[in-house]
Amino acid sequence: MDQYVNPGVQQQIDELTSSKIGHLVIDLAEVTMRVTGAVDSLTEGVKAFGRQIEERLKLENTQWEVIESEHNAKVISLSSQANQAEFDINREKKVLNSELIPRLHELDDILLGLKAKQTDNTQSFQEAEAARNTQHNSFVLTTTEFTDALRNIDEALDLLTDLFKSGEVRAAFIEVSDEQKHKVNKALRQVKANTENFGHQYSSFIQALTNLTEGFNFKDRQVLKEMCDFLNSLRLNIFDALTKAYKDEDSQKQQDELRRQQLTAEKAVFDQQYADFYQEREDKTVRISDVQTMISTREADLKAYQDRLRTENNNYSANLKIHDDIVASVQQELAVLAKALQVVQTPPFLDFLNGRIAKA
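Here the structure is a predicted model, which is why all the values come from computation and not from measurement.

Draft legend 1. Examining the packing of aromatic side chains more closely. Tallied over the entire structure, the rule returns 3 aromatic pairs. Geometrically, the ring pair formed by phenylalanine 139 and tyrosine 246 is edge-to-face, given 5.1 Å between the ring centres and 85° between the ring planes. With phenylalanine 139 in helix 3 (residues 40–165) and tyrosine 246 in helix 6 (residues 221–344), the pair connects residues that are 107 residues apart, well separated along the chain. A relative accessible area of 13% means that phenylalanine 139 is categorised as buried. Residue class for tyrosine 246 comes out partly exposed when judged on its relative accessible area of 43%. For the pair tyrosine 274 and tyrosine 278, a centre-to-centre distance of 6.2 Å together with 15° between the ring planes defines the contact as stacked. Separated by 4 residues within a single helix, tyrosine 274 and tyrosine 278 lie in helix 6, roughly one turn from each other. The partly exposed category is assigned to tyrosine 278, whose relative accessible area is 40%. The ring of tyrosine 274 carries lysine 115 above its face, with NZ or CZ at 4.8 Å from the centroid.

The structure is reproduced here in structure tokens:
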């Protein structure tokens with residue numbers, strides 16, 4: 001330590017020269033003292049320099065306010081966009097999971113039920129058609145048999161009538177040739193064959209006819225008359241049965257037509273319902289795809305907003321550190337200048353400068 005320097009002043013000088021700006025003020029003070037013999041001009045210069053530093057600090061703070069304002073605006077905007085994206089995602093997921101997908105499963109069940117009804121309807125139509133064909137075939141067979149029986153009965157009656165009218169009208173017996181007897185027997189056997197196919201309701205007729213054909217004496221006019229009466233009774237019975245068969249056929253045709261109309265109407269309803277629900281299912285499938293796409297898009301948006309927000313905050317933190325460092329450095333410079341101004345205006349410091357100049 002210089003012997004001319006006050007220890008207190010030396011400590012202050014050491015503290016000032018520990019910084020570049022403080023060292024610069026000490027050096028300028030010495031130069032100014034050498035040139036002008038005083039440090040007044042230096043004091044004004046240091047004050048002016050201090051004001052420049054203050055302006056630089058003010059500018060830094062003003063610029064930082066702009067940066068911070070822009071940062072806050074970006075954070076608000078990105079946060080709002082992220083919140084909106086998250087809201088959209090939750091809303092669409094709710095629609096997807098609580099409305100669309102359950103309805104799709106419900107439509108699958110409805111379509112499955114309608115498909116079963118369509119299958120049952122088709123089967124019922126086929127069964128009705130088969131039953132009608134069976135009824136009609138039975139009708140054709142029955143009426144054919146009845147018609148054949150009536151024709152054979154008429155033939156037998158014609159033969160028997162011819163026999164009955166032959167010979168003397170009052171004679172108890174008539175002459176019958178072998179050829180006539182053969183024709184009558186053939187006709188009666190054919191009638192018997194026909195009636196055997198008609199079922200148990202004709203069993204008594206069949207038995208009577210059997211008895212007559214086996215022991216019939218064609219020469220006995222009374223027996224011949226009884227045979228004609230029997231065949232007429234049988235003919236009337238078969239004719240009534242034939243008439244009933246036609247009535248039954250008409251009734252069955254009407255019932256079949258009504259049944260077909262009913263099944264056709266049901267089929268039209270089932271087909272329309274199936275088409276409507278199937279179209280709804282197609283629409284729901286497209287809607288689900290659209291919602292899933294929207295969810296994926298909004299999830300990507302949300303990630304982008306979050307990434308940008310993270311980057312913005314990271315940049316803000318880095319810029320804040322730079323700003324704080326600048327402010328701290330400038331404030332430190334101002335503190336050094338303020339202290340320097342105090343020191344250079346004190347008599348001990350002036351003695352220090354004079355001593356250094358004299359020593360030099």
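That was the structure; now back to the text.
Draft legend 2. View of the layout of surface pockets. Empty space within the largest pocket amounts to approximately 160 Å³. What lines the largest pocket is simply Gln135, Ser138, Phe139, Thr142, Phe146, Ala241, Lys244, Ala245, Asp248, Glu249 and Gln252. Of all elements in the fold, only helix 3 and helix 6 reach the threshold of two or more residues within the lining of the largest pocket. Sorting elements by how many residues they give to the lining of the largest pocket places helix 6 first, with 6 residues.

Draft legend 3. Structural view of the side chain of aspartate 88. Along the chain, aspartate 88 falls in helix 3. At 3.0 Å, the side chain of aspartate 88 and the side chain of arginine 298 are in polar contact.

Draft legend 4. Examining the confidence of the model for the protein more closely. Of the residues in the protein, 85% have a pLDDT of 70 or more, and the chain-wide mean is 85. Helix 6 holds the highest mean pLDDT among the elements of the protein, 93, whereas helix 5 (residues 203–215) holds the lowest, 59. Taken as a whole, residues 168–173 scores under 50 in pLDDT and shows 8 contacts with residues more than four places along the chain or in a different chain.

Draft legend 5. Spatial organisation of helix 2 (residues 20–36). A rise of 1.5 Å per residue sets the reference length of helix 2, with its 17 residues, at 24 Å; its end C-alpha atoms lie 24 Å apart and thus fit the reference within 8%. The set of residues buried in helix 2 consists of Ile21, Gly22, Val25, Ile26, Ala29, Glu30, Thr32 and Met33.

Draft legend 6. Quick look at helix 7 (residues 347–359). With 13 residues, helix 7 extends 18 Å between its outermost C-alpha atoms, agreeing within 8% with the 18 Å of an ideal straight helix rising 1.5 Å per residue. Where helix 7 is concerned, the buried positions are Phe349, Phe352, Leu353 and Gly355. Looking straight down helix 7, one finds its buried side chains confined to an arc of 160°; they lie on one side. Among the exposed residues of helix 7, those oriented more than 90 degrees off its buried face are Pro347 and Ala358.

Draft legend 7. Main features of the side chain of histidine 323. In this fold, histidine 323 is placed in helix 6. Of the residues examined, histidine 323 reaches a relative accessible area of 7% and is grouped as buried. Here histidine 323 is in contact with Glu60, Asn61 and Trp64, once residues within four sequence places are set aside.

Draft legend 8. How the structure looks around the packing of helix 2 against helix 7. Running from N to C, helix 2 and helix 7 cross one another at 70°; their axes reach a closest spacing of 10 Å. It follows that helix 2 is roughly perpendicular to helix 7 by the angle criterion. Note on packing geometry: the crossing formed by helix 2 with helix 7 is right-handed. Along its contact with helix 2, which presents Ile26, Ala29, Glu30, Met33 and Arg34, the element helix 7 presents Phe349, Leu350, Leu353, Asn354, Arg356 and Ile357. A class-by-class count of the residues in the contact of helix 2 with helix 7 yields 7 nonpolar, 1 polar and 3 charged.

Draft legend 9. Structural detail: the pattern of salt bridges. Taken as a whole and judged by the stated rule, the model has 21 salt bridges. Where glutamate 299 meets lysine 93, a salt bridge forms, and the shortest distance between an N and an O atom there is 3.6 Å. Residue glutamate 299 is located in helix 6, and its partner lysine 93 is located in helix 3; the two are separated by 206 residues in the primary sequence. The residue aspartate 271 makes a salt bridge to lysine 267 at a minimum N-O spacing of 2.7 Å. Of this pair, aspartate 271 and lysine 267 are both found in helix 6, 4 residues apart, which corresponds to roughly one turn of the helix. We classify lysine 267 as partly exposed; its relative accessible area is 40%. Look at the salt bridges and you will find they share partners, linking Asp88, Arg91, Glu92, Arg298 and Asp301 into a network.

What counts and what doesn't
- Residues numbered from 1 in each chain as written.
- Predicted model: local features only at pLDDT ≥ 70, side-chain atom pairs only at ≥ 80, totals over all residues.
- Heavy atoms only, no water.
- Phe/Tyr/Trp six-rings, centres within 6.5 Å; stacked < 30°, edge-to-face > 60°.
- Helix = DSSP H or I, 4+ residues; strand = E, 2+ residues; numbered from the N terminus.
- Buried < 20%, exposed > 50% of the residue type's maximum accessible area, 1.4 Å probe, protein only.
- Lys NZ or Arg CZ within 6 Å of the ring centre and 35° of its normal.
- 1 Å grid on protein atoms, 1.4 Å probe; cavity = no way out; pocket = protein on both sides within 12 Å on 5 of 7 lines; lining within 4 Å.
- Points joined across faces, edges and corners; volume = space filled by probe spheres on them.
- Polar contact = N/O pair within 3.5 Å; in protein donor to acceptor, adjacent residues only side chain to side chain.
- pLDDT = per-residue confidence, 0-100.
- Contact = heavy atoms within 4.5 Å.
- Expected span 1.5 Å × (residues − 1).
- Arc of directions from axis to C-beta.
- Axes fitted to C-alpha atoms, helices over the stretch in contact; angles between N-to-C directions.
- Parallel < 35°, antiparallel > 145°, perpendicular 65-115°, else oblique.
- Left-handed = near helix turned anticlockwise from the far one by under 90°.
- Nonpolar A, V, L, I, M, F, W, Y, C, P; charged D, E, K, R; others polar.
- Salt bridge = Lys/Arg side-chain N within 4 Å of Asp/Glu carboxyl O.

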